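Residue strings, one per chain:
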Amino acid sequence: MTTQTSTPATAGKPGFKLPKWAGSFGFQIIAALIVGLGLGLLAKYTGSTKANPNALGATLQTIGSSYVSLLQTAVVPLIFTAVVSSISNLRAVSNAARLAWNTLLWFAITSLIAVLIGIGLGVLLQPGAGTGITKQAEYAGKSGDWWAFLTGLFPKNFLGLGASTTVTDGVATTAVSFNVLQILVIAIAVGIAALKVGKAAEPFLNLNASALAVIQKVLWWIIRIAPLGTVGLIGNAVAVYGWDTIGSLGKFTFAIYVGLALVLFVVYPVLVRSHGLSIKQYFSGVWPAVQLAFVSRSSVGTLPLTQRVTERSLGVPRAYASFAVPLGATTKMDGCAAIYPAVSAIFVAQFFGIQLDFTQYLLIALVSVLGSAATAGTTGAVVMLTLTLSTLGLPLAGVGLLLAIDPILDMGRTAVNVAGQALVPTIVAKRQGILDESLYNAPRNGDPFSDDVVDADVVDASRVDADGGVPAAEGRELAGAKA
C-alpha cells in the first residue's frame with residue numbers, strides 16, 4: 001500500500017505592481033512626452049515632412065489632431081452649462097459683483113507684469129538684431145481689429161457658431177468654428193435671465209446642472225487618454241517642425257522662453273507666497289493642467305482640466321471657479337497676449353531697423369493688457385501680434401518671419417496661459433476669504449481624477465439649500481466672503 005503525501009501549496013507570491021508614482025497622471029504625461037519625442041525624431045529622420053508624411057508621421061498627426069478635436073467638441077456645451085450653473089449658484093453670494101471686478105483687475109495686473117518682462121527682455125536681448133535673415137516674408141492671415149472685437153460680442157446665432165467655405169481645385173470645403181467669447185455672452189445672458197425668472201426657471205436650472213455633470217464625466221474620460229494624445233501631438237510637432245527650424249531665430253526663441261519661465265517660475269510664485277499660500281501646493285495642484293496645455297496648445301481645450309484642478313486641488317469654490325476659469329480661458333493669456341506680442345513687436349522693429357520711442361513702448365503695454373479679449377475665439381497669439389503691430393504702425397510682413405517656429409513657441413505660451421488662469425481665481429478667492437485652504441494644503445497624489453465621483457449633490461448643484469446657501473457638495477460657504 002502506497003501512501004500519497006500532499007505537499008502544502010506554497011503561498012503565492014504577490015503579483016508585480018507598478019510604483020504609485022508610475023500611475024500618476026503627471027508621470028504618464030512625462031512618459032508620453034519622451035515617447036512622442038522619440039517617435040517624432042524617428043519619423044523626421046525617415047523622411048516624413050508636413051507636405052508628404054510617411055506612415056509614422058501620418059499616424060502621429062492623426063492621433064494628435066483627433067485628440068484635440070475630441071477636447072474641443074465638448075468645449076461649447078461645457079462653457080454654456082458651467083457659466084449658467086455658476087451664475088445660478090452666485091445668487092447666494094452677496095458680493096458677486098466684487099468677485100467679478102477683482103477677477104478682471106488681477107487679470108490686468110498679472111498681464112501688465114508679464115508684458116513689462118517681455119519689453120525688458122526685448123530691449124535687453126535685442127532678438128531682431130543680426131538674425132542673418134534677408135528675405136522679408138509676407139503675411140496674409142487674419143489681423144486683430146478693435147472694432148471687430150466690439151461687433152464680435154454680439155452673437156450671430158444662439159450657439160455662437162460660424163462657418164467658412166474655401167474652394168481648392170474646384171472642391172469646396174466648409175469648416176465650422178465657434179466663438180468662445182460669444183458663447184460666454186450667451187451663457188451669461190441666459191443665466192441672468194434664469195435668475196430673474198425665479199421659481200419658474202428651477203426645472204431649467206436643474207436640467208442644466210444635470211447636463212453639466214454628464215458633460216464633465218465625458219470630458220474626464222477624454223482627458224484620461226491625454227497620454228495617448230500627447231504622443232501624437234509632440235511626435236507630430238517634432239516630425240513636422242523639428243528643433244532645427246529655430247535656426248537663425250534662436251535668440252528670439254530664447255527670449256520668449258526666458259520670459260515665459262520668469263512669469264511661471266518667478267512672478268506666479270511671488271504672488272502665491274505674498275498671499276500666504278504654499279508655492280509647492282500651487283504647482284503640484286495646477287501642474288496636470290499645465291502639462292496638458294503644453295502638449296495640446298489649447299487653453300480652451302484644457303479648460304475642463306483647468307477648472308477641475310482649480311476647484312479640487314486649489315480649493316476655489318465651484319460657484320466662482322466655473323465663472324472665472326472659462327472667462328480666463330478666453331481673456332487671460334499672459335503667454336500669448338503679453339510676453340509674446342511684446343518681444344515679437346520689438347523683434348519686428350529691430351529687424352526692419354525701426355527705432356521705438358517711449359510712447360510706443362507704452363502702447364505695447366496697453367495693447368497687451370487690453371487686447372487679449374480682442375482676439376478671443378480667433379487664432380490667439382498670431383492675431384494678437386498683428387493687432388500690436390497695426391497699433392504701433394509696424395510692418396505686418398514681420399509676422400511671416402515668425403510663423404515657422406510658432407508651434408514650438410505656442411507650447412510654452414499656452415502652458416503659462418493656463419497656469420495664470422488657475423492662479424487668479426485662487427488669489428481672488430484667498431483675498432475674499434472664500435478659499436478652502438484645507439483643500440489647497442491637502443496632500444497630492446498626482447491624479448486629478450482620484451475623487452472622480454458624481455453624486456446627487458453635484459447633479460443638483462444649481463439649487464441652493466434650505467438656508468439659501470450653496471449646496472453641501474460645495475463644502476465651502478461663499479456667502480461669508482468678506483467685502
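Fair warning: this is a prediction, and the values are worked out from it, not measured in the lab.

1. Regarding the overall build of the protein
Helix and strand content of the protein: 19 helices and two strands. Looking at the protein as a whole, 52% of its 483 residues are labelled buried. Of all intrachain contacts in the protein linking residues separated by at least 6 positions in sequence, the fraction that spans at least 24 positions is 83%. With the model as given, the accessible surface of the protein reaches about 21,500 Å², and the carbon-plus-sulfur share is 65%.

2. Structural notes on the pattern of salt bridges
A full pass over the atoms with the stated rule returns six salt bridges. The partner of arginine 413 in a salt bridge is aspartate 410, with the nearest N and O atoms 2.9 Å apart. Pair noted here: arginine 413 and aspartate 410 are both in helix 17 (residues 406–431), with a separation of three residues, about one helical turn. A salt bridge links lysine 430 to glutamate 437; its shortest N-O distance comes to 2.7 Å.

3. Description of the environment of glycine 122
Assignment of secondary structure puts glycine 122 in helix 4 (residues 96–125). Here glycine 122 falls in the buried class, since its relative accessible area comes to 0%. C-alpha separation for the pair glycine 122 and isoleucine 339, spaced 217 residues apart in sequence, amounts to 9.6 Å. When near neighbours in sequence (up to four residues on either side) are disregarded, glycine 122 contacts Pro127, Ile346 and Gln350.

4. So, unusual backbone geometry
The backbone of glutamine 126 shows a phi angle near 50°, a positive value even though the residue is not glycine. One can find glutamine 126 in the loop between helix 4 and helix 5 (146–152). What makes glutamine 126 partly exposed here is its relative accessible area of 33%.

5. Observations concerning the nonpolar core
Among the nonpolar cores identified, the biggest contains 118 residues, and Phe252, Tyr268, Tyr282 and Ile364 are the most heavily contacted of them. Considering every element that reaches this core, the biggest residue donor is helix 13 (residues 335–351), with 13 residues. If near-sequence neighbours (up to four positions away) are discounted, tyrosine 282 is found in contact with Tyr268, Val272, Leu314, Ala419, Leu423 and Tyr440. Formed by five residues, the second largest nonpolar core is a distinct cluster that contains Ala32, Ala43, Val231 and Ala239.

6. Some thoughts on the packing of aromatic side chains
In this structure the tally under the stated criterion is seven aromatic pairs. An angle of 55° between the planes, with centres 5.1 Å apart, marks the rings of phenylalanine 252 and phenylalanine 347 as tilted. Residue phenylalanine 252 is found in helix 9 (residues 250–274), and its partner phenylalanine 347 is found in helix 13; the two are separated by 95 residues along the sequence. A relative accessible area of 0% means that phenylalanine 252 is categorised as buried. Given a relative accessible area of 0%, phenylalanine 347 falls into the buried group. Relative to phenylalanine 351, the ring of phenylalanine 347 has its centre 6.1 Å away and its plane inclined at 20°; by these criteria the two rings are stacked. Linking phenylalanine 347 with phenylalanine 351, this pair stays in helix 13, spanning four residues, or about one helical turn. Per residue, the accessibility class of phenylalanine 347 equals that of phenylalanine 351, and both read buried.

7. Some details on the environment of leucine 366
Examined against the element boundaries, leucine 366 turns out to sit in helix 14 (residues 358–371). By relative accessible area, leucine 366 is classed as partly exposed at 48%. In sequence terms leucine 366 and alanine 338 are 28 residues apart; their C-alpha atoms lie 9.8 Å from each other.

8. Quick notes on the packing of helix 2 (residues 55–73) against helix 7 (residues 202–224)
Two numbers describe how helix 2 lies on helix 7: the axes approach to 10 Å, and their chain directions differ by 160°. As summarised for this structure, helix 2 and helix 7 are arranged roughly antiparallel, according to the angle between their axes. As helix 2 packs across helix 7, the resulting crossing turns out to be left-handed. Contacts between helix 2 and helix 7 pair Tyr67, Leu70 and Leu71 from the former with Leu219, Ile222 and Ile223 from the latter. Here the residues of the contact of helix 2 with helix 7 sort into six nonpolar, no polar and no charged.

9. Quick look at helix 12 (residues 318–331)
End to end, helix 12 covers 20 Å across 14 residues, agreeing with the expected 20 Å (1.5 Å per residue, within 8%). Of all 14 residues making up helix 12, 14 are buried, and the element is well covered by its neighbours.

10. Let's talk about the confidence of the model for the protein
With 72% of its residues at a pLDDT of at least 70, the protein reaches an overall mean of 77. Predicted confidence in the protein is weakest over helix 19 (residues 456–459), with a mean pLDDT of 40, and strongest over helix 9, with 94. This model gives residues 453–483 a pLDDT under 50, and the stretch forms 65 contacts once residues within four places in sequence are excluded.

11. Considerations on the packing of helix 12 against helix 17
Contact geometry for helix 12 and helix 17: axes closest at 9 Å, N-to-C directions at 140°. Accordingly, the angle class assigned to the pair helix 12 and helix 17 is oblique. Considering the relative orientation of helix 12 and helix 17, their crossing is right-handed. In contact with Tyr320, Ala324, Val325, Gly328 and Ala329 of helix 12, helix 17 contributes Gln421, Val424, Pro425, Val428 and Ala429. Of the residues in the contact of helix 12 with helix 17, the class split is eight nonpolar, two polar and no charged.

12. Observations concerning a nonpolar patch on the surface
On the surface, Leu262, Phe265, Val266, Val270 and Trp287 cluster together into a nonpolar patch covering about 430 Å² of accessible area. Top element by residues in the nonpolar patch is helix 9. It accounts for four residues. Note on placement: leucine 262 falls in helix 9.

13. Looking at the environment of glycine 353
The residue glycine 353 is located in the loop between helix 13 and helix 14 in this model. For the pair glycine 353 and alanine 129, spaced 224 residues apart in sequence, the C-alpha separation works out to 8.6 Å.

14. Considering the side chain of glutamine 421
Along the chain, glutamine 421 falls in helix 17. One polar contact links the side chain of glutamine 421 to the main-chain carbonyl oxygen of lysine 332, over a distance of 3.0 Å. Apart from the residues lying within four places of it in its own chain, the contact partners of glutamine 421 are Ser299, Thr306, Val325, Gly328, Ala329 and Lys332.

Here is what the cut-offs are and how they apply
- Residues numbered from 1 in each chain as written.
- Predicted model: local features only at pLDDT ≥ 70, side-chain atom pairs only at ≥ 80, totals over all residues.
- Heavy atoms only, no water.
- Helix = DSSP H or I, 4+ residues; strand = E, 2+ residues; numbered from the N terminus.
- Buried < 20%, exposed > 50% of the residue type's maximum accessible area, 1.4 Å probe, protein only.
- Contact = heavy atoms within 4.5 Å.
- Areas by Shrake-Rupley, 256 points an atom, 1.4 Å probe, with all protein chains shown as cover.
- Salt bridge = Lys/Arg side-chain N within 4 Å of Asp/Glu carboxyl O.
- Core = buried A, V, L, I, M, F, W, Y, C linked by side-chain atoms within 4.5 Å.
- Phe/Tyr/Trp six-rings, centres within 6.5 Å; stacked < 30°, edge-to-face > 60°.
- Axes fitted to C-alpha atoms, helices over the stretch in contact; angles between N-to-C directions.
- Parallel < 35°, antiparallel > 145°, perpendicular 65-115°, else oblique.
- Left-handed = near helix turned anticlockwise from the far one by under 90°.
- Nonpolar A, V, L, I, M, F, W, Y, C, P; charged D, E, K, R; others polar.
- Expected span 1.5 Å × (residues − 1).
- pLDDT = per-residue confidence, 0-100.
- Patch = residues over 30% accessible without salt bridge, like charges linked within 9 Å, V, L, I, M, F, W, Y side chains within 5 Å.
- Polar contact = N/O pair within 3.5 Å; in protein donor to acceptor, adjacent residues only side chain to side chain.

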